[in-house]
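The lines below spell out each chain.
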Amino acid sequence: MTMVPTDIRNFYNKHCRFKLRNGKEVYGVIWEVDSNASHRLFFASVSDYERFQHDPEQPIAVIPMPPDEIVLVESLAS
């Protein structure tokens, strides 16, 4: 079973644990970017995401994250 964007929306911009379809677990933040009528999800580590929030010009490691790759999300934000 995979998740759809409406299931994931509650976890946008929060520190989470993600279980991926390939069995890997990753920790970080996802967010959605709207561009030209398409919606894409992106993933980054918590430290990269926070650095980007403070200085958007600073380069960070961002990974496109298709929603069908995510099978489980757990919020770690307090």
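Residues numbered from 1 in each chain as written. Predicted model: local features only at pLDDT ≥ 70, side-chain atom pairs only at ≥ 80, totals over all residues. Heavy atoms only, no water.

Peer 1: Give a description of the pattern of salt bridges that names residues and reports values.
Peer 2: Applying the stated criterion across every chain, the model contains 5 salt bridges. Note that Glu25 is salt-bridged to Arg17, the shortest N-O span being 2.9 Å. The exposure class assigned to Glu25 is partly exposed, which follows from its relative accessible area of 38%. Judged by relative accessible area, Arg17 falls into the buried class, the value being 16%. The partner of Glu74 in a salt bridge is Arg17, and the shortest N-O contact between them spans 2.8 Å. (Salt bridge = Lys/Arg side-chain N within 4 Å of Asp/Glu carboxyl O. Buried < 20%, exposed > 50% of the residue type's maximum accessible area, 1.4 Å probe, protein only.)

Peer 1: Outline the packing of aromatic side chains, listing residues and values.
Peer 2: Taken as a whole and judged by the stated rule, the model has 3 aromatic pairs. Arranged with centres 5.3 Å apart and planes meeting at 40 degrees, the rings of Trp31 and Tyr49 form a pair that is tilted. Pair noted here: Trp31 is in strand S2 (residues 25–35) and Tyr49 is in helix H2 (residues 46–54), with a separation of 18 residues, a long-range link. Cluster of aromatic residues (ring-pair linked, three or more members): Trp31, Phe42 and Tyr49. (Phe/Tyr/Trp six-rings, centres within 6.5 Å; stacked < 30°, edge-to-face > 60°. Helix = DSSP H or I, 4+ residues; strand = E, 2+ residues; numbered from the N terminus.)

Peer 1: Tell me about the nonpolar core, residues and numbers included.
Peer 2: If you look at the biggest cluster of nonpolar residues, it comprises 12 residues: Ile8, Phe11, Tyr12, Cys16, Phe18, Leu20, Ile30, Leu41, Phe43, Met65, Ile70 and Val73. The biggest single contributor to this core is strand S1 (residues 16–20), with 3 residues. If you look at the next biggest cluster of nonpolar residues, it comprises 5 residues, including Val29, Trp31, Ala44 and Tyr49. (Core = buried A, V, L, I, M, F, W, Y, C linked by side-chain atoms within 4.5 Å.)

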